[in-house]
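Here is how the chains run, residue by residue.
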Amino acid sequence: MLSEILLPTFNHVYDTGVAIPRCVTRNKLTRMGRRTLLKSTAALFGVGGVLASASRPARADHYDSKIHYEPQLDNENLAQLSVQSHKILGDGVKLDFGDHDGYVRLFADDFARVSVTEPGQAEYESPGVANGLDEWDAPTFGAESTSERIVLETESITVDISKDPFGVKFLDADGNVVNEDYLDKGTSGYEGDKPYVYKKTDENEAFYGFGEQPDMGFNQRGEKLENWNTDQYGYGPDSDYVYSSVPFFVGLKDTGAYGIFFDDPYHSVFHMADESDDYYYFLADGGQLTYYFAYGPEVSTVLDRYTDLTGKIDLPPKWGIGLHQSKWEYTAQEIVDTAETYREKEIPLDAMHFDIDYMGGEYNAFTWDPDYYDALQTLNADLPELHSVAVNDPGVGKTTEVNGEPYETYLEGTENDYWVKDADGDTFTAEVWPPEAVWPDFSREEVRSWYASQHDALFDAGIDGVKNDMGEPAVFQKNEKYDWTMPHDNIHGVGEDTIRHEAYHNLYGLDYARAAYEAFEQYKPEKRPFLLNRNLFAGGQRYAAIWTGDNVSSWEHLRLSIPMMLNLSVSGMPFVGCDIGGFVNRPSPELFARWMQAGAFNPYCRNHTDSHRKDELNGPRNQHPWTFGEEVEAISKQYIELRYRLLPYLYNAFKTASETGKPVQQPLMFQFQDDEQTVDIDDQFMFGDDMLVAPVLEKGATTREVYLPEDEQWADFWTDAVHEGGQTITVDAPLDRVPLFVKMDSIIPMREIQQYTGEKPLTMLTLDTYLDEEVSYSFYEDDGETRAHENGAYNVTEFTVSTNPGGVVTFEREHEEQNYDDSELSSYLLKLNRSEAPQKVQAAAAKYTAVDDAETVTETSETYTHSEEQNAVLVHIPADEDNAVRLFFNGQGRGPQGQGKGRGH
Ligand code: MIG
């Protein structure tokens, strides 16, 4: 019974072996009142009066298994479409199937869309699409038809359409079939209301993407994947779906890569050769059959096209990619204390999160609990550089007053009739964090703008960023078709434009993000937004970063986080992170250290954990770097510092992501798709283009196997040893070491450690250089926080370092763009790794001075030294040096070691 929902039960035992208690009924809690409960809970757990904030216990439903409804096809009843007539259009062809229409549109010479519609119906473009058909210029193409086929041909692809049965085949310019309908069961079309497509596959084809999937494997061949946004507390590899939906995937086979985006927000299911090695298929519970096909053959081209369609990320503010610290049910004082402890311990930190505890009354969005409001003022006064992020929930408390004041959000929304309706057309009311809540109908533009305008309550208080939670939307109730959300027959929209919840469900979070994004445009137009969403649809990357929700502090989840983030990255969402340390339960010291080491390389880097309720049962009260003893603290600090040292490199990777959709955290197959060994690797990744990270994911491990992709040489970041690619090596990985490699011929731009991203201007850029033959790097710089870069206020400097005959290494820099006037970058510290001492260094005829130690080089322009310890040459080059700088080595060709292919260490 709904009214007797229980607290967490012992049925959920995580691999820490600790069960979560089920003891008190919800009814009893309500009767007891929250404050009483807090006291008694605190007494029970022996934590004294520390739980000062309002708190309602985690709900049983969170832990319960949910109904699993899954749309399925009746295979006996598939469509048999055939083309009866057709008409060539300016950008493709219109097909007449009699009872349906069809369109194949060419968006670009390597990008097409296939739709099957009701007769006369327009082709569907979901709100996930940022740049629809109108934004593209049709490519030049040739069209031919015979009685059997219609063939459209662009410079890159041929679309070969068979008329009877209707089937679509994509070929590359050499005539190889890249992708083709599987026609043995019928044609693509509709089974009842369900659109579907069957495609041929062969055994060697791999599949990636599919948005947020809680699967241990990265390659999804052989898997069934579903998309239905669901609040899945403590999800695991057996969960059917989690918080976000991206019905897009990349197929990789001998002809290269291609992508398919099934633009249908209904509950969708992808059967990726799970039933047969000959075919895969995808379907949805309703909606229109519309999918996009992007031809590679490079994975990067596919992602670029897909994000041309659905949008790229905004370049984040720098503080958004520093470390964030968070916890549900910090007391107000703990938020301040935690931030201050970071500073005392000199562990870099950019942002503190205010979880829902800050809200006034019973979790009323856009109101404040006075204690938390005061804490924010204290933080902003004492640590003005620190940023703050407020967690928001879409459920608006059905109450006319909060803190004795009129609750404007509820009152205005009600007056304007902005809430989602139930099947009868009445305002839908249910429990979420507020005991009775209503939900803004984000499908309506005026509701989004109004909702955006509510954010002054956060921004005026001094909040900088927003984390949108619970937008699946999560609702604390069971239903007929799907649990823990709205009933599927709720209604969104007004007038002619109404749709049922099940048609809109997967878009709710996207439009929630869109509304919050608009809040930044309304109130902080100059600044870049920082918005983090749990719940998105395809295209959500253009509004928000994403984190993978309520993971668990377990080794399994540390391992799981990597393929989850990689597949999100391949789904157009490169600004991704997981709760470092795990959300549910508490990690062991070893697990925390390993997670911090891996998490320092997450594109979005946040330590976050669950409420105090489970502390006393499952481990320490908090999950801070210093919670687990000195050793773990030192390790955490070391890796957080490394992230901050790598900030110029990381920020540049974000810049590229914002331009091309390229992942910041890349699966190995992204750059090395021709190396078959990489296709299944799900426990390693590239951090940016040049660093390979192989986190330790096993309890007790002190070594780890690392696969190094072929046709490259790889330098061990810690030892400088160079290894040939195309082999698996075993490396030492004591607790303080994450295996880390740098591709030879790369420059990693780095800087000094800061306590937060804007602490010190960038005056000296270290160019950590791993030279084999020649390397170039384009370094991007801007103010890191405003939108001025969108109007050109940025600099791009290209560095080239090359080896030349006669033992000369040449450094050159070229200013490619110089429109950011506030740059204070005045020198480069060239660090040429794996090098012996040069005889001399000079720029044109001007000789640089040899000095004894690294410190003097750092301080003095036009000097250099050789460091035995670092096995590197350091050269201090002024930024206005227009001449090439040459390093002359003794004799013939005795420059950096590792020069020339195949020289090991
Ligand atoms: O129902 O705001 O995923 O990050 O701390 C749980 C409290 C609500 C779930 C989020 C988590 C957040 C928590 N929220």
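The written sequence of each chain sets the order in which its residues are numbered from 1. Where totals are concerned, whole chains, interfaces and linings use all residues; where local detail is concerned, this predicted model gives features only for residues with pLDDT of at least 70, and gives and counts side-chain atom pairs only at 80 or more. As a rule here, side-chain values come from all non-hydrogen atoms in the structure, and water together with hydrogens is ignored.

Draft legend 1. Spatial organisation of the overall build of the protein. In terms of regular secondary structure, the protein is built from 17 helices and 53 strands. The globule rule used here is 2.2 Å times the number of residues to the 0.38 power, and the radius of gyration it is set against is calculated over C-alpha atoms. Relative to the globule expectation of 29 Å for 905 residues, the C-alpha radius of gyration of the protein, 28 Å, shows essentially globular dimensions. C-alpha atoms of the protein, sized along the principal axes, occupy 85 × 80 × 50 Å. Out of the 905 residues belonging to the protein, those deemed buried represent 65%. Note on definitions: a residue-residue contact is assigned when non-hydrogen atoms from the two residues lie within 4.5 Å. Across the protein, contacts joining residues at least 24 apart in sequence account for 69% of those joining residues at least 6 apart. Only the protein chains shown count as cover for residues, and the accessible areas themselves come from Shrake-Rupley with a 1.4 Å probe. When the accessible surface of the protein is split by element, carbon and sulfur atoms take 42% of a total near 30,800 Å². By definition, any uninterrupted DSSP run of H or I lasting at least four residues is a helix, any uninterrupted run of E lasting at least two residues is a strand, and each is numbered from the N terminus. Under the scheme applied here, a residue whose accessible area is under 20% of the maximum for its type counts as buried, over 50% as exposed, and between as partly exposed, the area being computed with a 1.4 Å probe on protein chains only.

Draft legend 2. Just the UniProt feature "domain: Glycoside hydrolase family 31 N-terminal" (unreviewed entry) in the protein, in detail. UniProt positions are given in the numbering used here, feature names are shortened, and annotations may be inferred rather than shown by experiment. In this numbering, the UniProt entry assigns the feature "domain: Glycoside hydrolase family 31 N-terminal" (unreviewed entry) to residues 105-269. Structurally, residues 105-269 comprises 0% helix and 42% strand, and the distance from its first C-alpha atom to its last is 24 Å.

Draft legend 3. Spatial organisation of a negative patch on the surface. Side chains of Glu-773, Glu-774, Glu-812, Glu-814, Glu-816 and Glu-817 sit close together on the surface and give a patch of like negative charge. In terms of residue count, the dominant contributor to the negative patch is strand β46 (residues 808-818) (four residues). Within the element layout of this structure, Glu-774 appears in strand β44 (residues 774-781). Patch rule: a residue counts if its relative accessible area is over 30% and it has no salt bridge; like charges are joined within 9 Å, and nonpolar side chains (Val, Leu, Ile, Met, Phe, Trp, Tyr) within 5 Å. Here, a salt bridge means any side-chain nitrogen of Lys or Arg that lies within 4 Å of a carboxyl oxygen of Asp or Glu. Charged-residue counts in this description rest on Lys and Arg as positive and Asp and Glu as negative, His and the chain ends being excluded. Note on charges: their place is set at NZ of Lys, CZ of Arg, CG of Asp or CD of Glu.

Draft legend 4. A look at the site of the ligand. With respect to spatial proximity, 13 residues lie near the ligand, and among them Asp-355, Lys-467, Asp-469, Asp-550 and His-608 are the closest. Whenever two N or O atoms come within 3.5 Å, that pair is a polar contact, provided that in protein one can donate a hydrogen and the other can accept it, and provided that, for residues adjacent in sequence, both atoms are side-chain atoms. At 2.9 Å, a side-chain N or O of Arg-534 approaches an oxygen atom of the ligand. Contact distances for the ligand include 2.5 Å between an oxygen atom and a side-chain N or O atom of Asp-550. The fraction of the free accessible surface of the ligand (350 Å²) that becomes covered by protein chains is 100%. Neighbouring residues are identified by heavy atoms, a residue being near a molecule or strand if any of them is within 4 Å of it.

Draft legend 5. Representation of the packing of aromatic side chains in the model. Centre distance within 6.5 Å is the pairing criterion for rings of Phe, Tyr and Trp, where only the six-membered ring of Trp is used; planes under 30 degrees apart are then read as stacked, over 60 as edge-to-face, and the remainder as tilted. Tallying each qualifying case throughout the model produces 73 aromatic pairs. For the ring pair Tyr-279 and Tyr-281, a centre distance of 6.2 Å and an interplane angle of 45° mean the geometry is tilted. Residues Tyr-279 and Tyr-281 agree in their burial class; the two are buried. Judged by centre distance (6.2 Å) and plane angle (70°), the ring pair of Tyr-451 and Tyr-512 falls under edge-to-face. Of this pair, Tyr-451 sits in helix α8 (residues 445-453) while Tyr-512 sits in helix α10 (residues 501-523), placing them 61 residues apart in sequence. Look at Tyr-512 and you get buried, because its relative accessible area is 0%. Through pairs of rings, three or more aromatic residues link up here, namely Phe-170, Phe-207, Phe-210, Phe-249, Tyr-258, Phe-262, Phe-270, Tyr-280, Phe-282, Tyr-291 and Phe-293.

Draft legend 6. Quick peek at the confidence of the model for the protein. Of the residues in the protein, 90% reach a pLDDT of 70 or more, and the chain-wide mean stands at 91. Per-residue confidence from the prediction method is given by pLDDT, with values spanning 0 to 100. The low-confidence segment residues 1-57, where pLDDT is below 50, has 121 contacts with residues more than four positions distant or belonging to other chains. Counting contacts from residues 898-905, a segment whose pLDDT is below 50, to residues more than four positions away or on other chains yields 27 contacts.

Draft legend 7. Focus on helix α7 (residues 408-415). Within α7, the full set of buried residues consists of Thr-409, Tyr-410 and Gly-413. What you see down the axis of α7 is that its buried residues fit within an arc of 95°, all on one side. Looking one or two residues beyond α7, the residue adopting positive phi is Asp-417, at roughly 60°. Regarding the arc, it is the one traced by the directions from the helix axis to the C-beta atoms.

Draft legend 8. Layout of the sheet that holds strand β15 (residues 256-262). Strand pairing is defined by DSSP finding a minimum of two bridges between the two strands. With antiparallel pairing, the eight strands of this open sheet are ordered in space as β1-β2-β3-β4-β18-β15-β14-β12. Looking along the sheet, the strands with just one partner apiece sit at the ends: β1 (85-89) and β12 (206-209). Direction aside, the axes of adjacent strands within the sheet are offset by 20° on average. In this sheet, strand β2 (residues 92-96) lies alongside β1 in antiparallel orientation, the contact comprising five bridges. Bridged to Ile-88 within β2 is Val-93. Angles shown run from 0 to 180 degrees and are taken between the N-to-C directions of axes, each axis being a line fitted to C-alpha atoms and, for helices, limited to the stretch in contact.

Draft legend 9. Quick look at the sheet that holds strand β47 (residues 827-833). On the basis of which strands lie adjacent, the open sheet formed by six strands has the order β42-β43-β47-β52-β51-β50 and mixed pairing. What marks the edges here is a single partner per strand, and that holds for β42 (746-750) and β50 (849-850).

Draft legend 10. Summary view of the packing of helix α12 (residues 589-599) against helix α14 (residues 630-645). Running from N to C, α12 and α14 cross one another at 5°; their axes reach a closest spacing of 9 Å. With respect to α14, the axis of α12 lies roughly parallel. Along the contact surface, α12 presents Pro-589, Phe-592, Ala-593, Met-596, Gln-597 and Gly-599, while α14 presents Val-632, Ile-635, Ser-636, Tyr-639, Ile-640 and Arg-643. Among the residues forming the contact of α12 with α14, the class breakdown is eight nonpolar, three polar and one charged. Reported orientations rely on four angle classes, namely roughly parallel under 35 degrees, roughly antiparallel over 145, roughly perpendicular from 65 to 115, and oblique for the rest. Only Asp, Glu, Lys and Arg are considered charged, only Ala, Val, Leu, Ile, Met, Phe, Trp, Tyr, Cys and Pro nonpolar, and every remaining residue, Gly among them, polar.

Draft legend 11. Inspection of the pattern of salt bridges at higher detail. As enumerated under the stated definition, the model contains 43 salt bridges in all. Among the ionic pairs, Asp-285 bridges to Lys-481, the shortest N-O distance being 3.0 Å. In this pair, Asp-285 sits in the loop between β17 (279-284) and β18 (289-295) while Lys-481 sits in the loop between β26 (465-468) and β27 (491-492), placing the two residues 196 residues apart along the sequence. Residue classification places Asp-285 among the buried residues on the basis of a relative accessible area of 12%. On the accessibility criterion, Lys-481 (15% relative accessible area) is buried. Residue Arg-787 pairs with Asp-314 through a salt bridge whose shortest N-O separation is 3.4 Å. Here the residue Arg-787 occupies a position in the loop between β44 and β45 (795-804), and Asp-314 occupies one in the loop between α4 (299-310) and β19 (324-325), the gap between them amounting to 473 residues. With a relative accessible area of 18%, Arg-787 lands in the buried category.

Draft legend 12. Expanded view of the pairing of β17. In terms of residue burial, β17 counts as a mostly covered element, since six of its six residues are buried. Judged by which residues are buried, β17 turns out to be covered on both faces: Tyr-279, Tyr-281 and Leu-283 on one side and Tyr-280, Phe-282 and Ala-284 on the other are all buried. Note that strand β11 (residues 194-200) and β17 share five bridges and pair antiparallel. Within β17, the residue paired with Tyr-196 across the bridge is Leu-283. Judged from the four bridges that link them, strand β16 (residues 268-272) and β17 form a sheet pairing that is antiparallel.

Draft legend 13. Molecular detail of α4. Here α4 spans 16 Å end to end across twelve residues, near enough to the 16 Å set by a 1.5 Å rise per residue. Within the span of α4, buried status applies to Val-299, Val-302, Leu-303, Arg-305, Tyr-306, Thr-307, Leu-309 and Thr-310. Count one or two residues on from α4 and you reach Gly-311, which has phi positive near 105°. Multiplying 1.5 Å by the helix residue count minus one yields the expected span of that helix.

Draft legend 14. Up close: the side chain of Asp-355. When you line up the elements, Asp-355 lands in the loop between β20 (351-354) and α6 (370-382). We note that Asp-355 is buried and unpaired, the nearest opposite charge coming from Lys-467 at a distance of 4.5 Å.

Draft legend 15. Up close: the environment of Ser-802. Relative to the elements of secondary structure, Ser-802 occurs in strand β45. Relative accessible area serves as the criterion here: at 7%, Ser-802 is assigned to the buried category. When the C-alpha positions of Ser-802 and Glu-773 are compared, they lie 5.7 Å apart, and in sequence the two are 29 residues distant. Apart from residues no more than four positions distant in its own chain, Ser-802 is found in contact with Leu-771, Glu-773, Glu-774, Val-808, Val-809 and Thr-810.

Draft legend 16. Inspection of the nonpolar core at higher detail. Buried Ala, Val, Leu, Ile, Met, Phe, Trp, Tyr and Cys residues form a nonpolar core when they are joined through side-chain atoms within 4.5 Å. Counting 197 residues, the largest nonpolar core has Trp-439, Phe-601 and Leu-887 as the members making the most contacts within it. Residue contributions to this core peak at eleven residues, all from α10. Discounting residues that sit within four places of it in the chain, Leu-887 has contacts with Gly-807, Val-808, Val-809, Leu-830, Leu-832, Pro-838, Lys-840, Val-841, Val-873 and Val-875. Counting residues in each nonpolar core, the second largest holds 47 residues, with Ala-79, Val-93, Ile-157 and Val-197 among its members.

Draft legend 17. Representation of the packing of α14 against helix α15 (residues 647-660). Two elements in contact, α14 and α15, have axes whose closest approach is 5 Å; the angle formed by their N-to-C orientations is 60°. Taken together, α14 and α15 sit at an angle that is classed as oblique. Contacts from Arg-643, Tyr-644 and Arg-645 in α14 reach Leu-647, Pro-648 and Leu-650 in α15. Here the residues of the contact of α14 with α15 sort into four nonpolar, no polar and two charged.

Draft legend 18. Summary view of the UniProt feature "domain: DUF5110" (unreviewed entry) in the protein. Listed under "domain: DUF5110" (unreviewed entry) in the UniProt record, and renumbered for this structure, are residues 765-822. Helix makes up 0% of residues 765-822 and strand makes up 60%, while its end C-alpha atoms are separated by 15 Å.

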